[in-house]
Amino acid sequence: MKQMKTMKTQSTSTQHGTSTNVATEKINDKPKVKQIYIGRWLYHAPNMSPNKEGNRVLISQVNFGPLETWEWGIDSKNKFYVDYKWIENDFYADDSFHEERSLEEVKAVLNSFIKTFADNGHQDWVEVYNNLLVELEEEFQKI
């Protein structure tokens, strides 16, 4: 029997008085948060299954004003990367980049995201990213 999936969006207030929108996917009545808005940024949950390029995306965020994206992940060669794209118009298109990063740099970025999630009342995301940090340490100490 197929799992029943439904998508819904809800608004929440944080301790700082800012509003966040949360898109959730319900699978068998258990909500699993896929993305959240904090301020002007939309954050996407990690996807550790390789995409069509073979990348595992640790976190991605999109800003809609101006339209730009950041993605931190692990490429098909097990190298950490950051990918930044300016999409708004051609004015800053040359500022887009894709660069290799170290495990320490990625951990620092993930820790800053964890702080943002904690400061905005998203404890479930704090737990997900704390677990992800542990998994990265275990996986990349072997290499």
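The following paragraphs examine the structure supplied in this document. (Residues numbered from 1 in each chain as written. Predicted model: local features only at pLDDT ≥ 70, side-chain atom pairs only at ≥ 80, totals over all residues. Heavy atoms only, no water.)

Once that is clear, we can look at the pairing of strand S7 (residues 80-86). Within S7, 6 of the 7 residues are buried, which leaves the element mostly enclosed by the surrounding structure. As defined by bridge partners, strand S6 (residues 67-74) adjoins S7 across 7 bridges and the pair is classed as antiparallel. By the bridge assignment, Glu-68 is partnered in S7 with Trp-86. The loop that links S6 with its antiparallel partner S7 comprises 5 residues; one of these, Asn-78, has a positive phi angle of about 60°. Note that S7 and strand S8 (residues 97-101) share 5 bridges and pair antiparallel. Bridge pairing links Val-82 to Glu-99 in S8. (Buried < 20%, exposed > 50% of the residue type's maximum accessible area, 1.4 Å probe, protein only. Helix = DSSP H or I, 4+ residues; strand = E, 2+ residues; numbered from the N terminus. Pairing = 2+ DSSP bridges.)

Here we take up the packing of aromatic side chains. Applying the stated criterion across every chain, the model contains 11 aromatic pairs. Between the aromatic rings of Tyr-43 and Phe-113, the centroid separation amounts to 5.7 Å while the plane-to-plane angle is 80°, which identifies the pairing as edge-to-face. In this pair, Tyr-43 sits in strand S4 (residues 41-44) while Phe-113 sits in helix H1 (residues 103-119), placing the two residues 70 residues apart along the sequence. Residue Tyr-43 shares its accessibility class with Phe-113, and that shared class is buried. (Phe/Tyr/Trp six-rings, centres within 6.5 Å; stacked < 30°, edge-to-face > 60°.)

With that settled, consider the pattern of salt bridges. Under the criterion given, the structure shown has 5 salt bridges. Close ionic contact of Glu-139 with Arg-56 constitutes a salt bridge, the shortest N to O distance being 3.0 Å. Of this pair, Glu-139 sits in helix H2 (residues 123-141) while Arg-56 sits in strand S5 (residues 56-64), and the two are 83 residues apart along the sequence. Classification of Glu-139 by relative accessible area gives partly exposed; the value is 27%. Classification of Arg-56 by relative accessible area gives buried; the value is 14%. Of the charged contacts in the structure, one is a salt bridge between Asp-119 and Lys-115, with a shortest N-O distance of 2.7 Å. With Asp-119 and Lys-115 both in helix H1, this residue pair falls 4 residues apart, about one helical turn. The exposure class assigned to Lys-115 is exposed, which follows from its relative accessible area of 52%. (Salt bridge = Lys/Arg side-chain N within 4 Å of Asp/Glu carboxyl O.)

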